[in-house]
Amino acid sequence: MQKRALANFSPLILFLVFFVGMAVIQFASPDMPDNDGFYHIKLAYLMRTEGVKPDFPYLPLSILNPEEFYDHHFLFHVALIPFTFGELRIGAKWAAVIFSALAFFAIWYLFHRQRVPFSWLWALALLGISDAFLYRMSITRAQSLSLGVLALGFLWLLEGRYWRLAMLSFIYVWLYDAFPLLIALGVLHLVAVALIERRLETRPLIFIGAGILLGMLINPYFPVNISFSIQHMLPKLTDATSVRVGNEWYPYDTGQLLDNSLPSLIAFASGILALGISGRKMDVRTAMGLLAALLFGLMLFQARRFVEYFPPFALIFAVFAWAPLLADLKPVDLPQDETDSPRVASPYLLDLRSILPAVVILVFVFAGAFMSIPAAQESIQNSKDYELYAGASEWLVENTPAGSRVFQTDWDDFPRLFYYNTHNTYLAGLDPTYMQLYDSALYDLWVDITHGDVEGSSKIVALDFGAGYVHTDLNHEDFLDQAAQDPGYKEVYRDDQAVIFEVITP
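Right, let's walk through the structure included here. Given the structure is predicted, the values throughout are model-derived calculations rather than measurements. (Residues numbered from 1 in each chain as written. Predicted model: local features only at pLDDT ≥ 70, side-chain atom pairs only at ≥ 80, totals over all residues. Heavy atoms only, no water.)

Before going further, it helps to examine the pattern of salt bridges. One pass over the full model with this rule turns up eleven salt bridges. Close ionic contact of Glu 159 with Arg 113 constitutes a salt bridge, the shortest N to O distance being 2.9 Å. In this pair, Glu 159 is assigned in helix H7 (residues 143-159) and Arg 113 in helix H4 (residues 88-113), connecting sequence segments 46 residues apart. We note a salt bridge from Glu 201 to Arg 203, for which the minimum N-O separation is 2.8 Å. You can call Glu 201 buried: its relative accessible area is 7%. (Salt bridge = Lys/Arg side-chain N within 4 Å of Asp/Glu carboxyl O. Helix = DSSP H or I, 4+ residues; strand = E, 2+ residues; numbered from the N terminus. Buried < 20%, exposed > 50% of the residue type's maximum accessible area, 1.4 Å probe, protein only.)

Put into structure tokens, the structure is as follows:
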């Protein structure tokens, strides 16, 4: 009875371990580890206070203008709403902890349902598989829930749960615009079944496609969601834009990858080793795990943001590759007695072969966590001050007309400005391509002005951009030099973080 009770509580204990591990990382600093988290938690707050489809006038010169706005993280923002009571920053940090713990729990559930030996121990390896992965999971963004969705999709592909796949696909479209990844998993499953079982299994892919199609058509933002998805994804897939996007869209160099994700590379290599020494045919789940790890590995070589997927899928592949070998390790019977009957081994005298794998996995888990958790904590401790631009935003709220436009010199300043100030509107935010796709000539002009390449820019800022104020950080020295010589700019605020100019038109 006690053993059964412990088994019932073990999933809860495992989730609490994930929760505590991610909380230790998250609260190593009072700051938030990424700019976008400020946007997400503030929009969730607006959804709670103004309705689930609040007006969004804040980026009028982008494809997120009021007429075309599409919340491509809609369900993620809905999930954030319970965390908007109290201080938003603290709520955002707790949301990141809980969502990442849920994603890790979903991977354990995959192992558990697939009857993997030591499933709970393997799942704990997620806390040490990569410090860059842990850092990404600590950001208040949809990636953690996306990982959980992919883990469930992986499981239901293996189990043939077609209707569940369709519902999951529908939800994924509303959750996050990375939903094509579920199609990719469906294709990998099709390939794995074709290679291993010599048959063509198209039903899962059909149900996934149907769920995604319905999620696109039955959508609170239809039909602008379709045009936005095409505009947003195509430049990333084809490199059809010259816009300098965030660092997450650029790859790590080899040294960085070895430094921040070595355990995941070891796990992947160990899976290859397990395939080599097993001496048996690969099964579908292992083949699919290998293909998924290869896919996300290739994506990681293109953009560092995919470190949120490669390490866990490298672990999933390794677990499935080792599972048959571990299942074969059973206790050996003790020598026979005088009656020629096998003696029953004491439950406390386990065969070394059966406990050695657990010991090895445990060492891997602790070694990985010992390296990765402090490194992830250090990354979060290096985050920007959460009060960055709070003073400048407060001045704008108190001294400018409601809805007046602010010309900011950095697109990635928008989330923090939006967090502290929804009194004003801005130029570019979340992704610079949103402005370029809206008006490429205007975007190029904005870049030239922010680089200090345009003399007398105040007239252009007022007439072409419709902005009455300029917000800039102190690092835009060339722009600041031009502004100092332009009588159309009047400095009205300065602190150790930012400068605000009022645009004086003749």
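So, next bit.
Bringing the pairing of strand E3 (residues 489-494) into the picture now. Sheet topology note: the E3/strand E4 (residues 498-503) ladder contains five bridges and is antiparallel. Bridge pairing in E4 places Arg 494 opposite Val 499. Hairpin connection of E3 to E4: three residues between the antiparallel strands. (Pairing = 2+ DSSP bridges.)

Together, Asp 444, Asp 448, Asp 453, Glu 477, Asp 478 and Asp 481 give the surface a local cluster of negative charge. Contributions of two or more residues to the negative patch are made by helix H19 (440-450) and helix H21 (477-485). When residues of the negative patch are assigned to their parent elements, the largest contribution, three residues, is made by H21. For Asp 448, the position within the fold is in helix H19. With a relative accessible area of 33%, Asp 448 lands in the partly exposed category. (Patch = residues over 30% accessible without salt bridge, like charges linked within 9 Å, V, L, I, M, F, W, Y side chains within 5 Å. Areas by Shrake-Rupley, 256 points an atom, 1.4 Å probe, with all protein chains shown as cover. Lys, Arg positive; Asp, Glu negative; His and termini not counted. Charge placed at Lys NZ, Arg CZ, Asp CG, Glu CD.)

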